[in-house]
Amino acid sequence: MTLPDLPEEYGSLLIEVRERIRAAQYRALRAVNKELVGLYWDIGRLIVGRQAGDTWGKSIIQQLAGDLQKEFPGIKGFSVQNLWYMRQFYMEYHGSEKLQPLVGEISWSHNLVIMSRCKNLLEREFYLRMTRKFGWSKNVLIHQIENQSYEKTLLGQTNFDRALTPELRAQAKLAVRDEYTFDFLELSEAHSERELERALIGRVEEFLRAMGGIFAFVGSQFRLEVEEKEYFIDLLLFHRRLRCLVAVELKIGEFQPEFVGKMQFYLTALDRQERQEGEHAPIGIILCKEKNRTVVEYALQSSTSPIGVATYRTVSELPRELRDQLPDPEEIARLLEDGE
């Protein structure tokens with residue numbers, strides 16, 4: 001059958017209808033998920049309530065699982081193991097009014113990952129909020145936990161408090177980490193900046209996942225022209241939630257204060273030449289092999305452009321000397337709440 005000639009506006013109509021359908025599917029999925037997590041919460045509550053004061057052994061859970069599977073043969077999720085998870089789920093969170101609303105916003109499988117791998121309530125809150133906010137898949141969530149995103153985000157060295165507006169600074173702090181783990185790279189210990197750049201581009205999907213999963217890749221050796229002279233940014237990304245360009249400079253050695261001046265120049269040029277309507281001012285990330293935290297602090301002190309200085313590793317271990325430098329619980333909670 002020959003299709004009639006379609007009007008020019010048909011393409012935009014198809015896109016709008018398709019996006020509307022996907023949005024409806026997403027809302028329906030979220031509603032179903034919230035009901036499922038609520039159901040598991042109630043089952044866990046009922047089990048805990050019945051066990052209080054009684055000498056119920058494991059056989060009761062086994063009996064309950066068998067009876068539920070017979071009663072609802074087409075519904076998965078009523079295994080012995082999952083009933084024990086429901087019991088644990090309720091016991092872990094019933095005393096936390098702050099976290100209870102959050103657990104219903106992500107899937108049951110995500111909740112199990114966070115519950116089993118994170119014991120600190122603030123760490124759980126971080127991953128609950130980040131999973132909900134950025135739509136992390138289960139595998140991405142596991143990757144973020146294994147690479148200690150919680151610690152590396154909260155230790156970040158930036159000047160965002162001075163250089164960004166209040167509505168953006170918390171989001172930006174959560175977007176830029178103190179350290180990035182590129183354990184997917186196959187580089188010799190003595191590699192050049194160009195080799196590092198090529199390796200990251202060659203594994204761009206893993207690279208963006210390591211950066212946090214909310215970035216889009218724009219280009220490498222991104223060309224800027226100022227007064228008939230050419231300048232090249234190592235990597236240019238776009239942060240979808242902050243709606244801004246992110247310039248990344250790669251340094252295989254130790255951080256030097258002059259790196260900040262060069263990044264400020266790039267950000268000014270990006271702001272004037274590349275920033276699109278509706279976008280916020282660009283942000284810079286200087287990614288070094290090593291840094292002295294005091295030198296970084298001094299270098300960023302007078303910078304007016306939003307810049308973060310981070311290090312990169314090819315293994316997943318957080319330096320021991322940084323593990324006790326996390327902000328106090330009140331500051332962590334405030335950051336997470338402001339980043340909504």
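Here, every reference points to the structure presented above.
The text that follows walks through the structure, step by step, so that each part is easy to find. Worth saying up front: this structure is predicted, and the values here are computed from it rather than measured.

Reading the values: the criteria
- Numbers given for residues are sequential positions, taken from 1 along each chain in its written order.
- Only residues with pLDDT of 70 or above have their local features reported here, since the model is predicted, and side-chain atom pairs are shown and tallied only from 80 upward, although totals for entire chains, interfaces and linings are computed over all residues.
- The side-chain figures draw on all heavy atoms in the structure; neither hydrogens nor water molecules are used.
- To define a nonpolar core, start from buried Ala, Val, Leu, Ile, Met, Phe, Trp, Tyr and Cys residues and group those joined through side-chain atoms within 4.5 Å.
- Only protein chains enter the accessibility calculation, which uses a 1.4 Å probe. A residue is then buried if its area is under 20% of the maximum for its type, exposed if over 50%, and partly exposed in between.
- Runs of E in the DSSP output that reach at least two residues are strands. Runs of H or I that reach at least four are helices, and both are numbered from the N terminus.
- Strand pairing requires that DSSP identify at least two bridges connecting the strands.
- By convention, orient the strands away from the viewer: a clockwise path from the first strand over the helix to the second makes the crossover right-handed.
- The way it works is a 1 Å grid over only the protein atoms, where trapped points that fit a 1.4 Å probe form a cavity and open points with protein on both sides within 12 Å along at least five of seven lines form a pocket, and then any residue with an atom within 4 Å of a point lines it.
- Grid points are joined across faces, edges and corners, and a volume is the space filled by probe spheres set on the points.
- As annotated, the domain borders come from an automatic or database domain assignment.

Counting 74 residues, the largest nonpolar core has Tyr127, Phe182, Leu200 and Phe207 as its most contacted members. With 6 residues, the single largest contributor to this core is helix α6 (residues 121-134). Formed by 22 residues, the second largest nonpolar core is a distinct cluster that contains Phe255, Ala269, Val296 and Leu300.

The next point concerns helix α5 (residues 108-117). Of all 10 residues that make up α5, 7 are buried, and the element is covered over most of its length. Every buried residue of α5 is accounted for by Trp108, His110, Asn111, Leu112, Val113, Ile114 and Met115.

If you trace the backbone, Ser96 turns up in the loop between α3 (80-93) and α4 (100-103). In this structure Ser96 comes out as buried when scored by relative accessible area, which is 13%.

Now for the pairing of strand β5 (residues 244-254). Counting buried residues along β5, 8 of its 11 residues qualify, which places the element largely inside the surrounding structure. Bridge analysis of strand β4 (residues 229-239) against β5 gives 5 bridges, and the strand direction is antiparallel. Each residue of the ladder has a partner; that of Leu237, found in β5, is Val246. Between β4 and β5, which follow one another and run antiparallel, lie 4 residues, and Arg243 among them has a positive phi close to 55°. Sheet analysis places β5 next to strand β6 (residues 283-290), joined by 7 bridges and oriented parallel. Residue pairing across strands places Lys251 opposite Cys288, the latter belonging to β6. The parallel pair β5 and β6, bridged by helix α13 (residues 258-273), forms a crossover whose chirality is right-handed.

Take the environment of Asn139 next. Its location among the elements puts Asn139 in helix α7 (residues 138-146). Classification of Asn139 as exposed rests on a relative accessible area of 61%. Along the sequence, Asn139 and Val113 sit 26 residues apart, while their C-alpha atoms lie 9.8 Å from each other.

Before going further, it helps to examine unusual backbone geometry. We note that Gln221 has phi near 45°; this positive angle belongs to a residue other than glycine. By the element assignment, Gln221 lies in strand β3 (residues 215-226). A residue is classified by how much of its surface remains accessible, and Gln221, at 27% relative accessible area, is partly exposed. A positive phi is found at Arg243, a non-glycine position, where the angle reads about 55°. Summarising the element assignment, Arg243 is placed in the loop between β4 and β5.

A separate point is empty space enclosed by the protein. Scanning the model with the defined rule gives 1 cavity of 30 Å³ or more in all. Within this model, the largest cavity holds a volume of roughly 90 Å³. Along the walls of the largest cavity sit 15 residues, with Phe134, Trp136, Leu174, Arg177 and Gly212 positioned nearest its centre. For the lining of the largest cavity, the elements supplying multiple residues, two or more each, are α6, α8 (149-154) and α10 (166-175). When residues in the lining of the largest cavity are grouped by element, the largest group, 3 residues, is from α6. Lining the lining of the largest cavity are residues from two domains, each supplying at least three of them: domain 1 (9-146) and domain 2 (156-318).

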